[in-house]
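Summary of the model geometry
Listed here are the chains, written in short residue letters.
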Amino acid sequence: MLSSRTLSKASAINRAASVVESTANTIISNSFKVLCIGAGTGGISLSATLSKKLGRNEVGIIEPAEYHYQQPLWTLVGAGLKPFESTRSKMSDIIPERATWLKQSAAKIIPEKNQVVLGNGDVVSYEYLVIASGLELDLNAISGLSSAIGKDGVTTNYSPDYVTSTFKFLNEFKGGEAIFTMPATPVKCPGAPQKIAYLAEEIFRDNGVRASTNVSYYTGIGKIFGIDKYADSMWKVANGRNINVNLMHDLISIDSDKKQASFKVLPTNEIVTKKYDFIHVTPKMKPHSYLLNSGSNLTNEAGYVQVDNNTLRHTHYKNIYGIGDASSAPTSKTAAAACVQASVVKSNIYNLIRNTLTKENEVLYNGYTSCPLITSKSSVVMAEFSGYTGKPIETFFYNQAKESKFSYWVTSEFIPKVYWNALTSGAWNGPAPYRPLTNPLDSN
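Source: prediction; values computed, not measured.

Before going further, it helps to examine the overall build of the protein. The helix and strand tally for the protein stands at 12 helices and 22 strands. Compactness check: the protein gives a C-alpha radius of gyration of 22 Å against a globular reference of 22 Å for 444 residues, within 12% of the reference. With the C-alpha coordinates aligned to their principal axes, the bounding extent of the protein is approximately 65 × 55 × 50 Å. The buried share of the protein, taken over its 444 residues, is 55%. When the accessible surface of the protein is summed, it comes to about 18300 Å², and 51% of that surface belongs to carbon and sulfur atoms. One finds the centroid of the 44 positive side-chain charges in the protein at a distance of 4 Å from the centroid of its 36 negative side-chain charges.

This part takes up the UniProt feature "domain: FAD/NAD(P)-binding" (unreviewed entry) in the protein. Summarizing the sequence annotation, UniProt attributes the feature "domain: FAD/NAD(P)-binding" (unreviewed entry) to residues 32-145 in the numbering used throughout. In this annotation, residues 32-145 is assigned 21% helix and 36% strand; the end-to-end C-alpha distance for the span is 41 Å.

Here the focus is the layout of surface pockets. In this structure, the largest pocket spans a volume of roughly 1100 Å³. Around the largest pocket, the lining comprises 45 residues; the ones closest to its centre are Q71, S133, G134, L135 and K188. Elements supplying a minimum of two residues to the lining of the largest pocket: α2 (41-54), β4 (67-69), α3 (74-78), β10 (135-138), α9 (289-292) and α10 (335-353). For the lining of the largest pocket, a count of residues per class yields 22 nonpolar, 17 polar and six charged. Taken together, domain 1 (31-135 + 287-438) and domain 2 (145-285) each give at least three residues to the lining of the largest pocket, which thus spans both.

As a further point, take the sheet that holds strand β15 (residues 249-255). With respect to topology, three strands assemble into an open sheet ordered β15-β16-β17, the strand pairing being antiparallel. Looking at strand neighbours, the two that pair on one side only are β15 and β17 (270-275), the edges of this open sheet. In this sheet, adjacent strand axes meet at a mean angle of 30° when their direction is disregarded. For β15 and strand β16 (residues 260-265), the ladder comprises six bridges, and the chain directions are antiparallel. Residue pairing in the sheet places L251 in a bridge with F263 of β16.

Mapped onto the elements of the fold, G191 is located in the loop between β12 (176-182) and α7 (192-206). A relative accessible area of 0% places G191 in the buried class. In this structure the C-alpha to C-alpha distance between G191 and G226, which are 35 residues apart in sequence, comes to 9.4 Å.

For the pair α2 and α10, interaxial distance at closest approach is 8 Å and the crossing angle is 30°. On the basis of the axis angle, α2 is roughly parallel to α10. In this structure, α2 meets α10 at a crossing whose hand is right-handed. For the pair formed by α2 and α10, the contact residues are T41, G42, S45, L46, T49, L50, K53 and L54 on the first element and A335, A338, C339, A342, V345, K346, I349, Y350 and I353 on the second. Taken together, the residues of the contact of α2 with α10 sort by class into 11 nonpolar, four polar and two charged.

Partitioning the protein into structural domains gives domain 1 (31-135 + 287-438) and domain 2 (145-285). Taking only C-alpha atoms, the centre of domain 1 and the centre of domain 2 are 27 Å apart. Each side of the interface is counted separately: domain 1 has 36 residues, and domain 2 has 32 residues. Both sides of the domain 1 and domain 2 interface together cover about 2800 Å² of buried area, and 68% of this is carbon and sulfur. Among the residues domain 1 hides against domain 2, the three largest losses belong to W74, T75 and L373. Together they make up 19% of the total.

Basis of the calculations
- Residues numbered from 1 in each chain as written.
- Predicted model: local features only at pLDDT ≥ 70, side-chain atom pairs only at ≥ 80, totals over all residues.
- Heavy atoms only, no water.
- Helix = DSSP H or I, 4+ residues; strand = E, 2+ residues; numbered from the N terminus.
- Rg over C-alpha atoms; globule rule 2.2 N^0.38 Å.
- Buried < 20%, exposed > 50% of the residue type's maximum accessible area, 1.4 Å probe, protein only.
- Areas by Shrake-Rupley, 256 points an atom, 1.4 Å probe, with all protein chains shown as cover.
- Lys, Arg positive; Asp, Glu negative; His and termini not counted.
- Charge placed at Lys NZ, Arg CZ, Asp CG, Glu CD.
- UniProt positions renumbered as here; feature names shortened; annotations may be inferred.
- 1 Å grid on protein atoms, 1.4 Å probe; cavity = no way out; pocket = protein on both sides within 12 Å on 5 of 7 lines; lining within 4 Å.
- Points joined across faces, edges and corners; volume = space filled by probe spheres on them.
- Nonpolar A, V, L, I, M, F, W, Y, C, P; charged D, E, K, R; others polar.
- Domains from an automatic or database assignment.
- Pairing = 2+ DSSP bridges.
- Axes fitted to C-alpha atoms, helices over the stretch in contact; angles between N-to-C directions.
- Parallel < 35°, antiparallel > 145°, perpendicular 65-115°, else oblique.
- Left-handed = near helix turned anticlockwise from the far one by under 90°.
- Contact = heavy atoms within 4.5 Å.
- Buried area = accessible area lost by both parts, 1.4 Å probe.

And the structure:
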C-alpha cells in the first residue's frame, strides 16, 4: 500500500459510517443527487469529485466488491514484473469519504421512476444516474474454458484469480506451443492480449527455451491493432521476434485433456484446431446482466448503455449517463478512456445541478483513449488516439509509435502513482491539460 492511501483513524470511522449493507427486508430510504453504479476507474473518479463538490451523502456508489484494482498493470503482474498486491486496494480505502457506499450489486434500473433495485431487493432513488459498471468475464462463452483455466498451462491476465498463475506457467514452460488469444468481440484493454505475448517471448529467451518454442497470436479481428500508425509498429515487433500472427481466428473451445484449442476462422466459419503447451486466453466479455433486466430502451442490442458519443448522456433518459466499458461509445475500452469520460460527465452533471450548463460550457468527449503496448520489460509503444477518428492524440513530443524506454517508465512507474494518488481522488482527468507543455507543436 502507498502511504498516501493510509486512512487516519477518524477518517476510517467516518467512512465506515457511510457504508450501507442493508438486509433483504429493509427498504433503504436513501435518495441521491447522483448515484453511480460501479467504483472502477471511471466511477471512482467521478464520485470522488462530485462528492467533494456536492457535500456529504449527496453521492451514492453501488459497488459490491471488496477490492479496487488497477487492472492495466496485470500484464506486468503476469510477466513477473510487478507484485499483484501493488495493483489493488481495499474498496473501503478508496470510496470517497463524503459519498455513501451501498455495498450491494445492482439488480435492475427502473429509469421511469429514477430508481435502482439492489441485489437484495432494496430500492435507491436518484436525480442523476451514472452507469460505470464495466464488463464481466464470460468464461462459459468459450467451451471448456471455465473448467480448464488456472490449470495445466491455461491462464488469463484478465482475472485477479488467475493473473499470478500466468507467470508461474511461463516460468515452468519447457518449450513447445505457446498460444495467445484475442476474441472477435469487444474486450477491456484490447492491447493486453498481445502485450503478454511479447513479454512471454522475452521470458522464453531469458529461460533458454525460445529455440524450441513456437509463439503464436490468434486474434478474432482483422488487424493486429486497430489504429494503423501503431499497427505498423506491432507488425514490426511481431515479425522481428518470429511471433506468428493469425488474424480472424476466434477461439471457441479448449480441450484440456487433449491440450487443444479450436478457432473459428472468420468469415468462412472453418474450424481450425491447434495443440498448445501454454495458452493465455482473453475471455469473451459482456455487460452485466442487470442492464438486460432494465428494459430495451436503456441499452443497445449488444447490451451496452446507449449514449450520445459526445456528451455520454443517454439517448432516451436525459438524467442517465454511461461511462467506461459499459458505454456504447465506439472507442477502445481502457482505463484511460474511462478516466476522460468521467471528467466529461462530472463536469456536465455538476453544471446541470447548478442550472448553469450551456452549450458554451458543456464538455464534450472526443473519443480519447490510450493503450500502452508493452513490447518488452524495458520498452513500450505508447498508443494514444481518438477511437472516433482513428487519429493519434499523443501527449509527448516524440513519435510514440516507436518502442521507448521512457514510455515504459511512464507505464510502469508514473501512471500507477498518478492512478493511486490522483485519479482515485478525482484530481486526474487525463493528460490533455499538460499537452501544451509536453507536446507544444502537436508534432505527431
